[in-house]
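# Geometric and topological summary
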Amino acid sequence: MNMPAIKTEPASAIAAPKAAAVATPVVTMTPKRPPRADKFVKMAKDIAVQVVPPLIVIALLMLFWELVCRRAGSTLPPPSRVFKDTRELIFDPFFDRGGIDKGLFWHLSASLQRVALGYSLAAIAGIALGTLVGQSVWAMRGLDPLFQVLRTIPPLAWLPLSLAAFRDGQPSAIFVIFITSVWPIIINTAVGIRNIPQDYRNVAAVLRLNHLEFFYKIMIPAAAPYIFTGLRIGIGLSWLAIVAAEMLTGGVGIGFFIWDAWNSSRLSDIVVALIYIGLIGFVLDRIVAAIANFVTRGTAAG
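All figures in this text were calculated on a predicted structure; none of them were measured in a lab.

Before going further, it helps to examine the overall build of the protein. Looking only at helices and strands, one finds 12 helices and 0 strands in the protein. When its helices and strands are written in sequence order, the protein yields α-α-α-α-α-α-α-α-α-α-α-α. For the protein, the proportion of its 302 residues judged to be buried stands at 32%. Intrachain contacts of the protein at a sequence separation of at least 6 include 66% that bridge at least 24 residues. Element-wise, carbon and sulfur atoms account for 68% of the exposed surface of the protein, whose accessible area totals about 19700 Å².

Following this line, the structure appears as structure tokens:
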């Protein structure tokens, strides 16, 4: 019986396709990156969405103001006249001719220093008292009605008493700032402390945290969004209070600058001062909001 012949190939011929398959390069698809120009265009569009609408509104308001105040018999200056009369105040805010004849920088700087001191004292006292009221039922029953009554007193109503007590305009203005801004800090801190979840308190009991550890590990982080809400309200009230207080206490300050400009019939100076007051108040609020967003990791109201 004849067996069919089996054709054999060299080992090199059999291994060749395998070697070729192994050597085949693998092509990986990388996502196409957008050109750098596209990124700048997108960034410009985002900025335009935020900036253009306010600019349009401001331009329309300025046009309306100009048209209304340019009419005969108008007692308020139009924007064109305000700019003409206050060019020195705008472009040279650092001049100092002695006494109260100073640029707006020095008046604003003096006011901000008073606000910084009074507001810092209010923040410390407000958080401490708010923690006490929020943590203790007896303190809430005893102090909360008193706080609710005192917070309704207008800031300038405190000024005569502070002048009689301190006999100086500087500490009197700081006291008015303190007594005006402390109430929202107390109230919001107390609400935040009372709203701490019971689970947090149970965890603190299991871990046997002492009062100090419970305060800075559980209480303050949990109530931080409420605390910063009070701090944001307080900084706005502080800026309002200092302008009103300085009108009566005198000396260097933006409030006194406005009152002195009124007595000298410099209405254009008052308009510029009001613009600066609004801008600085906005910046102060944004600073506190940014700190709140950083500390609370975005849980505080923006």
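Now that the structure is up, let's keep going.
Looking now at the nonpolar core. One finds Leu231, Trp239, Ile242 and Ile254 to be the most contacted residues of the largest nonpolar core, which totals 52 residues. It is helix 10 (residues 211-249) that contributes the most residues to this core, 14 residues altogether. Setting aside anything within four residues of it in sequence, one finds Trp239 in contact with Leu108, Ser111, Leu112, Val115, Ile277, Ile280, Gly281 and Leu284.

Moving on: the side chain of Asp269. With respect to the element layout, Asp269 can be found in helix 12 (residues 267-296). Here the side chain of Asp269 touches Arg266 through a polar contact of 2.6 Å, side chain to side chain. Non-local contacts of Asp269, meaning those with residues more than four positions away in its chain, are made with Thr86, Leu89, Phe257 and Ala261.

Below, the discussion takes up the packing of helix 5 (residues 104-135) against helix 11 (residues 254-263). In contact at an axis separation of 7 Å, helix 5 and helix 11 are set at 130 degrees when each is read in the N-to-C sense. Regarding the angle of helix 5 to helix 11, the classification is oblique. Seen from helix 5, the contacting residues are Leu104, His107, Leu108 and Ser111; seen from helix 11, they are Ile254, Gly255 and Phe257.

Glancing now at the environment of Val68. Tracing the backbone shows Val68 in helix 2 (residues 36-69). Separated by 10 residues in the primary sequence, Val68 and Pro78 have C-alpha atoms spaced 7.8 Å apart.

For the protein, the mean per-residue pLDDT works out to 83, and 87% of the residues sit at or above 70. Mean pLDDT across the elements of the protein bottoms out in helix 1 (residues 11-23) (49) and peaks in helix 5 (92).

Turning next to the pattern of salt bridges. In a structure, side chains of opposite charge can pair up when their charged atoms sit close to one another. Under the criterion given, the structure shown has 11 salt bridges. Where salt bridges share partners, they join Glu88, Arg97 and Asp101 into one cluster.

On to the side chain of Thr131. By secondary structure assignment, the location of Thr131 is in helix 5. A relative accessible area of 9% means that Thr131 is categorised as buried. Ignoring any residue separated from it by four or fewer positions in sequence, one finds Thr131 in contact with Thr189, Ile193, Phe215 and Met219.

Following the criterion strictly, the structure yields 6 aromatic pairs and no others. Consider the rings of Phe147 and Trp183, whose centres lie 5.6 Å apart with planes at 45 degrees: the pair is tilted. Highlighted residues: Phe147 in helix 6 (residues 137-150) and Trp183 in helix 8 (residues 169-194), separated in sequence by 36 residues. The class for Trp183 is buried, based on a relative accessible area of 8%. Pairing Phe166 with Phe175 gives two aromatic rings, centres 5.9 Å apart and planes at 50 degrees, and the pair type is tilted.

Next up on the list: helix 6. In a regular helix each residue adds 1.5 Å, so 14 residues correspond to 20 Å; helix 6 covers 20 Å between its end C-alpha atoms and thus fits that length. Considering bend angle alone, the principal kink of helix 6 is centred on Leu143 and spans about 35 degrees; proline Pro145 follows within four residues of it. For helix 6, the N-terminal cap is Ser136; the gap from its side-chain oxygen to the backbone nitrogen of Trp138 is 3.5 Å.

Let us now look at the environment of Ala128. Its place among the elements puts Ala128 in helix 5. The exposure class assigned to Ala128 is partly exposed, which follows from its relative accessible area of 47%. As a C-alpha pair, Ala128 and Ala190 span 62 residues in sequence and 9.5 Å in three-dimensional space.

Let us look at the packing of helix 10 against helix 11. A packed helix pair is summarised by two numbers, namely the angle formed by the two axes and the spacing between the axes. Interaxial distance between helix 10 and helix 11 falls to 6 Å at its minimum, and their mutual angle equals 55 degrees. Here helix 10 lies oblique to helix 11, going by the angle between them. The way helix 10 lies across helix 11 gives a crossing that is right-handed. Residues Val243, Glu246 and Met247 of helix 10 lie in contact with helix 11, whose contacting residues are Ile254, Gly255, Phe256, Ile258 and Trp259. In terms of residue class, the contact of helix 10 with helix 11 is built from 6 nonpolar, 1 polar and 1 charged.

Positive phi, normally seen in glycine, also occurs at Arg167, with a value near 55 degrees. Relative to the elements of secondary structure, Arg167 occurs in the loop between helix 7 (159-166) and helix 8. Using a relative accessible area of 75% as the deciding quantity, one classes Arg167 as exposed. One non-glycine residue, Ser265, lies in the positive phi region at around 60 degrees. With respect to the helices, strands and loops of the structure, Ser265 is situated in the loop between helix 11 and helix 12.

Calculation notes
Residues numbered from 1 in each chain as written. Predicted model: local features only at pLDDT ≥ 70, side-chain atom pairs only at ≥ 80, totals over all residues. Heavy atoms only, no water. Helix = DSSP H or I, 4+ residues; strand = E, 2+ residues; numbered from the N terminus. Buried < 20%, exposed > 50% of the residue type's maximum accessible area, 1.4 Å probe, protein only. Contact = heavy atoms within 4.5 Å. Areas by Shrake-Rupley, 256 points an atom, 1.4 Å probe, with all protein chains shown as cover. Core = buried A, V, L, I, M, F, W, Y, C linked by side-chain atoms within 4.5 Å. Polar contact = N/O pair within 3.5 Å; in protein donor to acceptor, adjacent residues only side chain to side chain. Axes fitted to C-alpha atoms, helices over the stretch in contact; angles between N-to-C directions. Parallel < 35°, antiparallel > 145°, perpendicular 65-115°, else oblique. pLDDT = per-residue confidence, 0-100. Salt bridge = Lys/Arg side-chain N within 4 Å of Asp/Glu carboxyl O. Phe/Tyr/Trp six-rings, centres within 6.5 Å; stacked < 30°, edge-to-face > 60°. Expected span 1.5 Å × (residues − 1). Bend = angle between axes of the 7 residues up to and from the residue. Left-handed = near helix turned anticlockwise from the far one by under 90°. Nonpolar A, V, L, I, M, F, W, Y, C, P; charged D, E, K, R; others polar.

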